[in-house]
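An overview of the molecular structure
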Amino acid sequence: MRSTAWSIAADGTPGPDLRACLKAAVAAPSVHNTQPWWFRAHDGVIEVYADRSRRLWVLDPAGREMMISVGAAVFNLRVEMLARGRLPVLHVLPDPARPDLAARVTVGPVVEVPATARRLARAIPLRHTNRRPFAATPVPPEVRDDLVAAARAEGGDLVLADGEAREALLEAVRTAERRRITDPAYWSELDEWTRDPAHRQDGVPPEAFGPWDTLGIVPIRDFGLTQPASRRPSAPFEKTPTLALLYTRSDTWEDWIRAGAALERTLLTATVHGLSTTLMTQPLEFPELRARFTRPGRQVAQAVIRFGYGPLSPPSPRRPVADVLLTEERQLAEERRRRGRRRTRAGQDRLAGAAIDRW
């Protein structure tokens, strides 16, 4: 049986439109480029699962950033589907008995394609995290307004940090970075997602690390920490970076998934406007630092984004669609791999402690 445009054949081959939607989903940003997602497609329905084997247990113990990453993938899936003339029908966390099932997207009826969906879909392959210096050119007010509106359309609240708020946010990022570099477990986890870049389709490759800020104003996460051979050069960054905090009203798993959608819509809108973006969420990984940015009305911060006009940035690798389609056989294999990762984690942490001493 051959696959139609929106189905999967008996041999597991997705139809062309379905494949395009899955490819768009895989292009979403994810913490450390872990790509923590699975997709199961059947009968005009695409189920999106969180892949806990790719969760960052040191940096993201609650799974918050994992679910934000999954939410971004769900948004790309919806946008590509709509850009191909079908209405995506979304159900978030549809089955309480299966908490890893983050969302179910049904291929709905044929619709006229909105111009916004076309623009956002075209931006998906162009959006890359950029950890390089940006130009001093300010982001125009009308573009800032569009970014705020993009987050609001998905239930988020984007707040630009200017003046004292920007300085407080930058100092919180620096504080978080200083804490991380003394943690052996963090070294181990970082090494897991930055080593052997030539033979993998995930993680952060050296060409995406970005340079140090000569003046120390913009504290980009040091992905070269465990890779002495890939030490970053230095370069002057913008003196007044454009930063924003993305908020949700509460802090549930559903909020995290919707935060991922709001984040990705904002990033794609920035890309449409020719902006580069960097995620600088280090302080949100520490509860006491994250609490500093809680807003009146119990709004909680979910992401920190840097915007600006930057040079072209190389894309990070992505797994092919065939590798993220979930079958029963693959589900069993992943469970075995997950158990193996747990057994080896303690030994890796001990090795990381020795690595810090050598550094």
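Residues numbered from 1 in each chain as written. Predicted model: local features only at pLDDT ≥ 70, side-chain atom pairs only at ≥ 80, totals over all residues. Heavy atoms only, no water.

Overview of the confidence of the model for the chain
Close inspection of predicted coordinates is inappropriate for parts of the model with low pLDDT. Of the residues in the chain, 90% have a pLDDT of 70 or more, and the chain-wide mean is 91. Counting contacts from residues 346-359, a segment whose pLDDT is below 50, to residues more than four positions away or on other chains yields 19 contacts. (pLDDT = per-residue confidence, 0-100. Contact = heavy atoms within 4.5 Å.)

Section: the pairing of strand β2 (residues 45-50)
With respect to burial, β2 is a largely interior element, six of its six residues being buried. Of the two faces of β2, the one lined by V45, E47 and Y49 and the one lined by I46, V48 and A50 are each fully buried. Connecting strand β1 (residues 37-42) to the antiparallel partner β2 that follows it, the hairpin turn spans two residues, and D43 within it adopts a positive phi of roughly 50°. Strand direction decides the pairing type here: β2 and strand β4 (residues 101-110), joined by five bridges, are antiparallel. Each bridged residue has a counterpart across the sheet, and for E47 the counterpart in β4 is R104. (Buried < 20%, exposed > 50% of the residue type's maximum accessible area, 1.4 Å probe, protein only. Helix = DSSP H or I, 4+ residues; strand = E, 2+ residues; numbered from the N terminus. Pairing = 2+ DSSP bridges.)

Points about the sheet that holds strand β5 (residues 157-161)
Sheet architecture is open: four strands sit in the order β5-β8-β10-β9, paired in antiparallel fashion. Looking at which strands have only one partner, the edges of the open sheet turn out to be β5 and β9 (276-279). Adjacent strand axes in the sheet meet at a mean angle of 30° when their direction is disregarded. Here strand β8 (residues 242-248) pairs with strand β10 (residues 300-308) via seven bridges, running antiparallel. Looking across to β10, one finds that T248 is bridged to V300. On the sheet, helix α7 (residues 253-272) packs against β5, β8, β9 and β10 and is oriented at approximately 10° with respect to β10. (Axes fitted to C-alpha atoms, helices over the stretch in contact; angles between N-to-C directions.)

Considerations on the sheet that holds β2
In space, the four strands of this open sheet follow the order β1-β2-β4-β3, with antiparallel pairing throughout. Edge positions in the open sheet fall to β1 and β3 (86-92), since each of these has one partner strand only. Strand-to-strand twist across the sheet, computed as the mean angle between neighbouring axes with direction ignored, equals 20°. Set on the sheet, helix α1 (residues 16-26) makes contact with β1 and β2; between it and β1 the angle comes to about 165°.

As for the environment of P236
For P236, the location among the structural elements is in the loop between β7 (234-235) and β8. Since its relative accessible area comes to 57%, P236 is described here as exposed. Separated by 103 residues in sequence, P236 and P133 have C-alpha atoms that sit 6.7 Å apart. Apart from residues lying up to four places away in sequence, P236 is in contact with P133, D213 and T214.

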